[in-house]
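Coordinates in review
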Amino acid sequence: MLALRALSRLRQPPASRHVLHLGRSSPTPRFYSLPSTLKPARPSTASPTPLPFYIRYSPWSNHFPGSLRTRILLQALAYAVIIVGTTEIPGDHVPHPSLSSNYASPKDVNLAINQLRVAFPDPSVVSTDPDALRIYGSSEHSYHPTSPHAVIVRPKSTEDVVKIVTIAQKYRVPIIAYSGATSLEGHFSGYSSGSICLDMSGMDKILHINAEDSDLICQAGTRWEDINQTLKEKGIPLFFPLDPGPGATIGGMIGTGCSGTNAVRYGTARAEWFLNLTVVLPNGKVIQTRKRARKSAAGFDTTKLFIGAEGTLGIVTEATLRLAPLIPTKVAMAQFPNVELAVSAVQEILNTPQGPHIQCVELLDDHMMDAINNAGLVDNPYPVEDTLFFKIQGDPTSIKQVAKVVQGIVKKHGSSRFCFAQTESQAEDMWQNRKYALMSTIAANPGSRCWTTDVCVPVSKLPQLVYETKKDLADSGLRSTIVGHVGDGNFHALILFSNEEELEVVNEAVHRLVHRAIALDGTCTGEHGVGVGKKEYLVDELGEGTVDLMRMIKYVVDPLNILNPGKV
């Protein structure tokens, strides 16, 4: 810009002296006034005084020996060097938030805790109990690095969260949101310099149900099971279809971009099930991402900016949820000689006209069925074979038609058994056995611990992935069970170990599993989220450019990097 200004000064109205235009393309001479700084010096009668070198050869000096064109070129070059050297080009360097933060000293952490106690005098709201700090900063089902928090704070409203975030920002203390504690990848582990654990579990109110619009507004600590139970008790024939692990809360479901067994029919958290979010940003400001309308084309979809962000961009305090009609279902079970045949049957079923009537289709391998039997959770043990659990929805006539098609396809793929749950109670028990797969695996293997991980691939690649993974785990001498949302290509490996040596073998097996999934055009996580455990795979899966874009968004929204640092 400075070089252009210098050139523009040459284009002034004619004055006492003129300079011939030097452009090659002009057919006739044109004249411009010569700035006073470039006019030749008037002859002097005095004896010439030798000039210093830096003045004689400066392009800004009247005594420069070169041509006018050379002087202009050198001046423009100098200005250009200055501009380029002092300008940061967007995208040339992406700040890494984890490297740019300077968190609170131990003294400042204590000052923040004291200010939190002043803001919340109730002793049950602010806690520094050492045992609680340790428990809230780790999970017994996660084996990633952990650290206890410095303080636990239990807000009851959006206004409470604003107060906490404002204090955290003032003293630069990291904040980690916590609610259902069902995450498995180290999402809510504490930060080593001292962090505030924001326990959202007390914000568990359903604020308003709009039955006529099929939506409701609730706080972030509300559990999905409680939402559906409340709708049932009120006689409202609607339900919220996202159904991750038992105990999961709406805030955590948003943060991890969850799904569940219903995803084959209703999709995941990244579909339109969250219409609007109330979010406290890192600077303490409160925003709503949109209105309550079913659809909107107004601006960026900021709701989805926070889905899957794992609490690194803002604290979700309230959400508007879209509800679905409650449709009658029947639960059925089919068993197969191997997993490959089971998965192939599912692919064919979902591609028939009856496919949309399949609300859920879940895979439980033979080891999982054995674990359910041995965990003491069932009265009548199941045959130990690779098994599919179906949930078929529709009116009685539709269910009968769909069941006929499903039974024919599974038989073609080698199914040895197909049967329906005979009663509503039996159907609920079958589905509960699937939902509590992790607990069954642990209960069936006393003294063992369990590492749970998930990946997802295109459905056509799932048989290959399951076969190679089961072979890898067996060759490694590891005990495991496998369950999966087979209609989505998403499966979970539950791998058992008894000591530190086996833990290292499990860690290596998980690493191979993730790379195997990514190589099949899949993802390192279908629904558990990234947290600490899957962070190292993001560049391999998404590419450096996409990860840099995520870092840039984080840096702009949270320049102090105080929200859940080190995650995602």
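This text follows the structure it describes.
Throughout what follows, the structure given in this document is the object of discussion. (Residues numbered from 1 in each chain as written. Predicted model: local features only at pLDDT ≥ 70, side-chain atom pairs only at ≥ 80, totals over all residues. Heavy atoms only, no water.)

Turning to the overall build of the protein, a few remarks are in order. The helix and strand tally for the protein stands at 19 helices and 20 strands. Out of the 568 residues belonging to the protein, those deemed buried represent 49%. Expressed as a percentage of contacts within the protein between residues at least 6 apart in sequence, the contacts between residues at least 24 apart total 70%. As displayed, the protein offers around 27600 Å² of accessible surface, 56% of which is attributable to carbon and sulfur atoms. (Helix = DSSP H or I, 4+ residues; strand = E, 2+ residues; numbered from the N terminus. Buried < 20%, exposed > 50% of the residue type's maximum accessible area, 1.4 Å probe, protein only. Contact = heavy atoms within 4.5 Å. Areas by Shrake-Rupley, 256 points an atom, 1.4 Å probe, with all protein chains shown as cover.)

What follows covers helix α13 (residues 396-412). End to end, α13 covers 24 Å across 17 residues, agreeing with the expected 24 Å (1.5 Å per residue, within 8%). Those residues of α13 not exposed but buried are S398, I399, V402, A403, V406, I409 and V410. One face of α13 carries all of its buried residues, which in axial projection span an arc of 135°. Exposed side of α13, more than 90 degrees from the buried face: T397, K400, K404, K411 and K412 are the residues found there. (Expected span 1.5 Å × (residues − 1). Arc of directions from axis to C-beta.)

As a rule of thumb, soluble globular proteins bury nonpolar side chains together. Formed by 61 residues in total, the largest nonpolar core has its most connected members in L116, V153, F240, I250, F274 and L321. If near-sequence neighbours (up to four positions away) are discounted, L321 is found in contact with S214, D215, L216, C218, I227, F240, I250, W273 and F274. Counting residues in hydrophobic clusters, the runner-up holds 47 residues, among them V361, F491, F497 and V514. (Core = buried A, V, L, I, M, F, W, Y, C linked by side-chain atoms within 4.5 Å.)

Let us look at the sheet that holds strand β3 (residues 126-127). Ordered by their spatial adjacency, four strands build an open sheet running β3-β4-β6-β5, and the pairing between neighbours is mixed. The open sheet has two edge strands, β3 and β5 (175-178), and neither has a second partner. In this sheet, strand β6 (residues 196-199) lies alongside β5 in parallel orientation, the contact comprising four bridges. Within β6, the position partnered with Y178 by the bridge is D199. Helix-sheet contacts for helix α4 (residues 106-119) involve β3, β4 (151-153) and β6, and the interaxial angle to β4 is about 25°. (Pairing = 2+ DSSP bridges. Axes fitted to C-alpha atoms, helices over the stretch in contact; angles between N-to-C directions.)

Turning our attention to the pattern of salt bridges. For the structure on display, the rule yields 22 salt bridges. Between E362 and R434 there is a salt bridge, with its nearest N and O atoms 2.7 Å apart. One end of the pair, E362, is in strand β15 (residues 358-364); the other, R434, is in helix α14 (residues 424-435), and 72 residues separate them in sequence. For R512, the salt bridge goes to D472, with nearest N and O atoms at 2.9 Å. With R512 in helix α17 (residues 500-519) and D472 in helix α16 (residues 462-475), this residue pair connects regions lying 40 residues apart in the sequence. The structure contains a network of salt bridges with shared partners spanning E272, R290, D301 and K304. (Salt bridge = Lys/Arg side-chain N within 4 Å of Asp/Glu carboxyl O.)

Of all eight residues making up strand β18 (residues 449-456), seven are buried, and the element is well covered by its neighbours. As judged from the eight bridges shared by β18 and strand β20 (residues 490-497), these two strands associate in the antiparallel manner. Residue pairing in the sheet places T452 in a bridge with L494 of β20.

Next up on the list: unusual backbone geometry. Backbone geometry at S214 places phi at a positive 55°, although glycine is not the residue there. The residue S214 is located in the loop between β7 (206-210) and β8 (215-219) in this model. Positive phi is not limited to glycine here, since E310 has a value of about 55°. Turning to its location among the elements, E310 is positioned in the loop between α10 (302-306) and β12 (315-322).

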